[in-house]
Amino acid sequence: MRNRRRRSRAVLTVVLAAVLGAAGCETAGDNSPAPGGTKARAAAVWNRSPASVAAVGDSITRGFDACTVLSDCPEVSWATGTGTQVDSLAVQLLGRTRAAENSWNYAVTGARMRDLADQMAQAVTRAPELVTVMIGANDACRATTSAMTSVTRFREGFEEAMATLRAALPKTQVYVASVPNLKRLWSQGRTNPLGKQVWKLGICPSMLGDADALDLVATKRRDTVQERVEAYNRVLAEVCAKDRRCRFDGGAVFDYEFTTEQLSHWDWFHPSKDGQQRLAAIAYRTVTARTP
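It should be emphasised that the depicted structure is a prediction, and the values quoted were computed from it without experimental measurement.

Caption draft 1: A look at the side chain of Arg 221. As for its placement among the helices and strands, Arg 221 is situated in helix H12 (residues 216-241). With no salt bridge to any partner, buried Arg 221 finds its closest opposite charge in Asp 210, at an N-O distance of 4.4 Å. In terms of polar contacts, Arg 221 uses its side chain to reach the backbone carbonyl oxygen of Gly 209, at 2.9 Å. Apart from the residues within four sequence positions on either side, Arg 221 is in contact with Thr 145, Pro 205, Ser 206, Met 207, Leu 208, Gly 209 and Asp 210.

See the structure below:
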């Protein structure tokens with residue numbers, strides 16, 4: 001009889017431990033980083049079919065210069081656009097009708113990483129199931145290389161934005177796009193005489209200024225900008241990796257070998273409608289992948 005009581009207590013202990021362990025695992029998944037977590041663990045908490053999308057970021061996400069000169073065109077935004085010319089991430093996830101009702105664009109043309117937390121605060125009011133982030137080009141595109149946002153400030157800004165989201169919405173997922181390859185932008189756009197003339201108006205001077213100059217000073221300047229962009233992308237990857245409900249694109253946007261067909265022919269800098277579609281495709285692949 002005493003042995004049976006001991007065995008009963010032992011079985012109860014095992015059952016309680018299993019139940020409490022499972023509950024504890026779910027609680028940690030709500031808003032805690034996954035220390036050293038595996039891809040399988042991260043995939044287990046990732047919803048590949050979120051029902052709503054909010055976008056934060058800069059002019060790329062606003063569709064600037066994609067439709068008309070010097071104007072935002074959010075209807076063709078890679079993230080939340082609902083126009084028929086681009087199948088945005090939201091449209092691919094929700095369908096065009098539902099996307100119009102369940103996606104919101106809080107990106108701001110000209111925004112830098114320091115502005116992201118405020119945008120995130122606006123996004124959380126919608127309680128979206130997915131937030132898209134694309135920002136950083138303006139942090140590198142300054143009048144001089146010395147004016148670029150430091151890597152430390154960039155990290156602090158992104159961590160603040162993520163903390164703002166997590167304080168309000170611990171289960172909302174985040175898709176983070178890498179900063180585009182600005183040096184490839186220079187190499188592609190400089191083949192067009194009109195593009196080079198437009199750049200002289202002050203578009204990304206740290207990279208695009210004196211587009212035809214190939215001397216050591218100009219080369220060093222462009223390399224400095226490129227190195228800073230690569231550092232920004234490492235920050236995005238590292239901060240995102242600490243959050244089990246965050247997916248970085250793995251550098252897919254940075255690595256994409258775009259041509260002038262993907263560039264706005266008004267400024268040879270922002271994505272054209274075709275470029276917006278390519279960004280949407282990259283985002284959709286990342287969001288719907290079985291594993292990060």
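The structure having been displayed, the exposition proceeds.
Caption draft 2: Main features of the pattern of salt bridges. In total, this model carries 9 salt bridges according to the counting rule given. With a closest N to O distance of 2.4 Å, Lys 183 and Asp 223 form a salt bridge. In this pair, Lys 183 sits in helix H9 (residues 182-189) while Asp 223 sits in helix H12, placing the two residues 40 residues apart along the sequence. Using a relative accessible area of 26% as the deciding quantity, one classes Lys 183 as partly exposed.

Caption draft 3: Inspection of a nonpolar patch on the surface at higher detail. Taken together, Val 69, Leu 70 and Trp 266 make up a surface patch of nonpolar side chains, about 320 Å² in accessible area. With respect to the element layout, Val 69 can be found in the loop between helix H3 (59-62) and helix H4 (89-94).

Caption draft 4: Layout of the nonpolar core. Counting residues in each nonpolar core, the largest one holds 50 residues, and the members touching the most others are Val 133, Phe 158, Val 176, Leu 182 and Leu 208. Element by element, the count of residues in this core is highest for H12, at 7 residues. Excluding residues within four positions of it along the chain, Phe 158 makes contact with Met 113, Leu 116, Val 133, Val 176, Val 235, Leu 236, Val 239 and Cys 240. Ranked by size, the runner-up nonpolar core spans 22 residues in total, among them Trp 46, Leu 93, Leu 94 and Leu 279.

Caption draft 5: Just unusual backbone geometry, in detail. Positive phi is not limited to glycine here, since Asp 65 has a value of about 65°. Its location among the elements puts Asp 65 in the loop between H3 and H4. One non-glycine residue with positive phi stands out, namely Trp 268, at about 55°. If you trace the backbone, Trp 268 turns up in the loop between helix H13 (252-255) and helix H14 (273-288).

Caption draft 6: Quick look at the environment of Thr 224. Here Thr 224 is to be found in helix H12. Here Thr 224 falls in the partly exposed class, since its relative accessible area comes to 26%. Along the backbone, Thr 224 and Ser 206 are 18 residues apart, and their C-alpha atoms lie at a distance of 9.0 Å. When sequence neighbours within four positions are dropped, the list of residues in contact with Thr 224 reads Thr 145 and Met 148. At 2.8 Å, the side chain of Thr 224 forms a polar contact with the backbone oxygen of Lys 220.

Scoring rules and cut-offs
Throughout, a residue's number is its position along its own chain's written sequence, starting from 1. In keeping with the predicted nature of the model, local features appear solely for residues at pLDDT of at least 70, side-chain atom pairs appear and are counted solely at 80 or more, and the whole-chain, interface and lining totals rest on all residues. Excluded from the side-chain calculations are hydrogens and water; all other atoms, namely the structure's heavy atoms, are used. In this description a helix means any DSSP run of H or I spanning at least four residues, a strand means any run of E spanning at least two, and both kinds are numbered starting from the N terminus. Burial classification: accessible surface area is computed with a 1.4 Å probe over protein chains only, and a residue below 20% of its type maximum counts as buried, one above 50% as exposed, and the rest as partly exposed. Note on charges: Lys and Arg go in the positive column, Asp and Glu in the negative column, and His and the chain ends are not counted at all. Whenever Lys or Arg places a side-chain nitrogen within 4 Å of a carboxyl oxygen from Asp or Glu, that contact is recorded as a salt bridge. In protein, a polar contact means a hydrogen-donor-capable atom and an acceptor-capable atom, both N or O and within 3.5 Å, with residues adjacent in sequence counting only if both atoms are side-chain atoms; elsewhere, any N or O pair within 3.5 Å suffices. In what follows, a contact means two residues having at least one pair of non-hydrogen atoms within 4.5 Å. Distance thresholds for patches are 9 Å for like charges and 5 Å for nonpolar side chains (Val, Leu, Ile, Met, Phe, Trp, Tyr), applied to residues having over 30% relative accessible area and no salt bridge. Methods summary: accessible areas were calculated by the Shrake-Rupley approach with a probe of 1.4 Å, and residue burial reflects only the protein chains presented. Only buried residues count toward a nonpolar core. Its members are Ala, Val, Leu, Ile, Met, Phe, Trp, Tyr and Cys residues joined through side-chain atoms within 4.5 Å.

These values are about where atoms sit, not about what they do.
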